[in-house]
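Observations on chain architecture
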Amino acid sequence: MNAYLPPLMIRVRVREAGARGFRLWLPIVLLWPLLLPLLVLTLIVTLLVDLALLASGARYHHYTRLVLGSLRVLAEVRGTHVDAVTEDSFVKVDIY
Amino acid sequence: MSEDRKRILGMLAEGKITAEEADLLLDSLGTPASEATPSREPMPSDDWPTGPSATGTPKFLYVKVTGKDTVDVKVPLGLLRAGLKLTSLIPPQAMDQISESMGEHGMSIDFNNLKPEDIEELIQSLREMEINVHSADGDNIRVFCA
């Protein structure tokens, strides 16, 4: 189940010479409960489509797996870190 | 903090000048050195491995650029694994269009031939991969998995 846990937080830090810079904490964990009903609805629809395709003998009937696979890709984004530091600025992005 | 800044703030504290006057005086001193140059924060890459791991399954793909600028990228290999597995689930019609579009952009990769067992083998093989690029302008680029 943990493998399907989507990113919970994105931290962005930007700083440039002579500027204040900023730190941004994006608690995207708050977004997922809002999107959950949409996801459930999508899965129900894809499941029905897959069953219909299977019944009709279509070779491809993996739309539900496609949606779940997309979720897996989203979940695997966790742990990504990008740092770019120049002489007078830096950008850091962490996805938790 | 510079002596000038200390003196201005001292005068403000003693009530010799108003806050507006102190603000003007501080502005006239220019940007403090601490703001002119971003503080060098400890890079997370300080804790990162310095090369490919000799044993075990690699967990991350690391890209390190050192030289004039520093770039550190750490990407979970699970993302690569999940992404490649997802390609096997894309409808054939869409996959053909993707392959065609990638071919037009110089990336002739046929994902239709990629099987799940190939993906695991590919990930395992990445453990031994290490790319080192030394550019003429002094930048060093390292790509490895650990």
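It should be noted that the structure appears before, not after, this text.
We now turn to the structure provided with this report. (Residues numbered from 1 in each chain as written. Chains lettered and ligands numbered in written order. Predicted model: local features only at pLDDT ≥ 70, side-chain atom pairs only at ≥ 80, totals over all residues. Heavy atoms only, no water.)

Next up on the list: the overall build of chain A. When helices and strands are counted, chain A shows 2 helices and 4 strands. Moving toward the C terminus, one meets the helices and strands of chain A in the order β-β-α-α-β-β. Taken across its 96 residues, chain A has 30% of its residues classed as buried. The long-range share in chain A, meaning contacts at least 24 apart out of those at least 6 apart in sequence, stands at 48%. (Helix = DSSP H or I, 4+ residues; strand = E, 2+ residues; numbered from the N terminus. Buried < 20%, exposed > 50% of the residue type's maximum accessible area, 1.4 Å probe, protein only. Contact = heavy atoms within 4.5 Å.)

What follows deals with the packing of aromatic side chains. Going through the model one piece at a time under the given rule, you end up with 3 aromatic pairs over all chains. Consider the rings of Tyr60 of chain A and Tyr63 of chain A, whose centres lie 5.0 Å apart with planes at 80°: the pair is edge-to-face. One aromatic cluster in this structure is built from Phe60, Tyr62 and Phe144 of chain B. (Phe/Tyr/Trp six-rings, centres within 6.5 Å; stacked < 30°, edge-to-face > 60°.)

Here we come to the pattern of salt bridges. All names here are of chain A. Per the stated rule, a full pass over the model turns up 5 salt bridges over all chains. For Asp94, the salt bridge identified is with Arg11, shortest N-O distance 2.8 Å. A residue pair is termed long-range when its members are at least 10 positions apart, and Asp94 in strand S4 (residues 89-95) and Arg11 in strand S1 (residues 10-16) qualify at 83 residues. With respect to class, Asp94 is no different from Arg11; both count as buried. Connected via shared salt-bridge partners are Arg11, Arg13 and Asp94. (Salt bridge = Lys/Arg side-chain N within 4 Å of Asp/Glu carboxyl O.)

With that settled, the discussion passes to the packing of helix H4 (residues 77-87) of chain B against helix H6 (residues 116-126) of chain B. All names here are of chain B. Running from N to C, H4 and H6 cross one another at 155°; their axes reach a closest spacing of 10 Å. As summarised for this structure, H4 and H6 are arranged roughly antiparallel, according to the angle between their axes. As for the relative orientation of H4 and H6, their crossing is right-handed in sense. Each of Leu77, Leu80, Arg81, Leu84 and Lys85 in H4 lies in contact with H6, whose residues at this interface are Ile119, Glu120, Leu122, Ile123 and Leu126. (Axes fitted to C-alpha atoms, helices over the stretch in contact; angles between N-to-C directions. Parallel < 35°, antiparallel > 145°, perpendicular 65-115°, else oblique. Left-handed = near helix turned anticlockwise from the far one by under 90°.)

Turning to the sheet that holds strand S2 (residues 70-76) of chain B, a few remarks are in order. Strand pairing in a sheet takes place through backbone hydrogen bonds and is either antiparallel or parallel in direction. Pairing is antiparallel in the open sheet, where 8 strands are placed in the order S2(A)-S1(A)-S4(A)-S3(A)-S2(B)-S1(B)-S4(B)-S3(B). Each edge of the open sheet carries a strand with a single partner, namely strand S2 (22-26) of chain A together with strand S3 (130-134) of chain B. Shown here is a sheet whose adjacent strand axes are inclined to one another by a mean of 5°, direction ignored. With 5 bridges joining them, S3 of chain B and strand S4 (residues 140-145) of chain B adopt antiparallel strand pairing. (Pairing = 2+ DSSP bridges.)

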